[in-house]
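Observations on chain architecture
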Amino acid sequence: MHKSNYKTKQREMILNHIAKYQEAHFTADDLLFHLKENGHTIGKSTIYRQLENFITEGKLRKYHLEEGMPACFQYVENTAKCTEHFHLKCTICGRLIHVVCQELDGMADHIRTHHKFQVNHKKTVLYGKCEDCMDTNLK
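Bear in mind that the values here come from a model prediction, so they are computed numbers and not experimental data. (Residues numbered from 1 in each chain as written. Predicted model: local features only at pLDDT ≥ 70, side-chain atom pairs only at ≥ 80, totals over all residues. Heavy atoms only, no water.)

1. Looking at helix α4 (residues 102–115)
An α-helix turns once per 3.6 residues; consequently, residues spaced three or four apart project the same way. Taking 1.5 Å per residue, 14 residues should reach 20 Å; α4 reaches 19 Å between its end C-alpha atoms and fits that length. Where α4 terminates, the next one or two residues include Lys-116, which has phi positive at roughly 50°. (Helix = DSSP H or I, 4+ residues; strand = E, 2+ residues; numbered from the N terminus. Expected span 1.5 Å × (residues − 1).)

Below, the structure written as structure tokens:
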């Protein structure tokens, strides 16, 4: 097999796999694990290279949610614009929740109007406990 065909097949395989995640978030290690679990042999450097390519192409978004933790990614091609809403991160289970809310949009508008500061939704994450983790802690 010609080497460029192999790279194209790897790229297609990775893209098909991350497209299954839809709005879920994953790390490069998650992706590597799932690909290997499904019988695909692929190098970690290839995964990282392709993830960066997909970011450049607008198919993937990269988040740095916590300092010292690996970046997570979200497949965004053909999905809602993730740059226009806030995110909530559960400090217990790690779940990242997309929040489309007029109240929070109003807060961003207030900050822009009254404090002359533009909120970057791609980098704005509010931390706390998700509903499931609050329920678990109450039991």
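2. Details of the packing of aromatic side chains
What the rule picks out here adds up to 1 aromatic pair. Pairing Phe-26 with Phe-73 gives two aromatic rings, centres 6.0 Å apart and planes at 35°, and the pair type is tilted. Placement of Phe-26 in strand β1 (residues 25–26) and of Phe-73 in strand β3 (residues 72–75) is noted, with a sequence separation of 47 residues between them. Judged on exposure class, the residue Phe-26 and its partner Phe-73 are both buried. (Phe/Tyr/Trp six-rings, centres within 6.5 Å; stacked < 30°, edge-to-face > 60°. Buried < 20%, exposed > 50% of the residue type's maximum accessible area, 1.4 Å probe, protein only.)

3. Describing the side chain of Gln-10
Topologically, Gln-10 is positioned in helix α1 (residues 3–19). You can call Gln-10 buried: its relative accessible area is 9%. For Gln-10, the contacting residues outside a window of four places in its chain are Thr-41, Ile-42 and Thr-46. (Contact = heavy atoms within 4.5 Å.)

4. Topic: the sheet that holds β3
The 3 strands are arranged β1-β3-β2 in an open sheet whose pairing can be described as antiparallel. Where the open sheet ends on each side, the last strands, each with one partner, are β1 and β2 (60–63). The pairing of β1 with β3 spans 2 bridges and is classified as antiparallel. For His-25, the partnering residue across the bridge sits in β3 and is Gln-74. (Pairing = 2+ DSSP bridges.)

5. A short note on the environment of Asn-120
Tracing the sequence through the fold places Asn-120 in the loop between α4 and β6 (125–128). Here Asn-120 falls in the partly exposed class, since its relative accessible area comes to 38%. For the pair Asn-120 and His-85, spaced 35 residues apart in sequence, the C-alpha to C-alpha distance is 9.4 Å.

6. Section: the environment of Lys-123
As for its position among the elements, Lys-123 is in the loop between α4 and β6. Through-space distance from the C-alpha of Lys-123 to that of Tyr-63 is 7.3 Å; in sequence the pair is 60 residues apart.

7. Structural notes on the packing of helix α2 (residues 28–37) against helix α3 (residues 44–56)
Put simply, α2 and α3 touch, their axes get as near as 10 Å, and they point 120° apart. Comparing their axes, α3 and α2 come out oblique. Crossing hand, α2 versus α3: right-handed. Two secondary-structure elements touch here, α2 through Ala-28, Asp-29, Leu-31, Leu-32 and Leu-35 and α3 through Lys-44, Ile-47, Tyr-48 and Leu-51. (Axes fitted to C-alpha atoms, helices over the stretch in contact; angles between N-to-C directions. Parallel < 35°, antiparallel > 145°, perpendicular 65-115°, else oblique. Left-handed = near helix turned anticlockwise from the far one by under 90°.)

8. Some thoughts on the sheet that holds strand β5 (residues 96–99)
An order of β5-β4-β6 is seen for the 3 strands of this open sheet, with the pairing classed as mixed. The open sheet terminates on both sides in strands that have one partner only, identified here as β5 and β6. Across the sheet, the mean angle separating the axes of adjacent strands is 25° when strand polarity is ignored. Note: strand β4 (residues 86–90) against β5, 4 bridges, orientation antiparallel. If you follow Lys-89 over to β5, its bridge partner there is Leu-96.

Interpretation in functional terms is not warranted from these geometric data alone.
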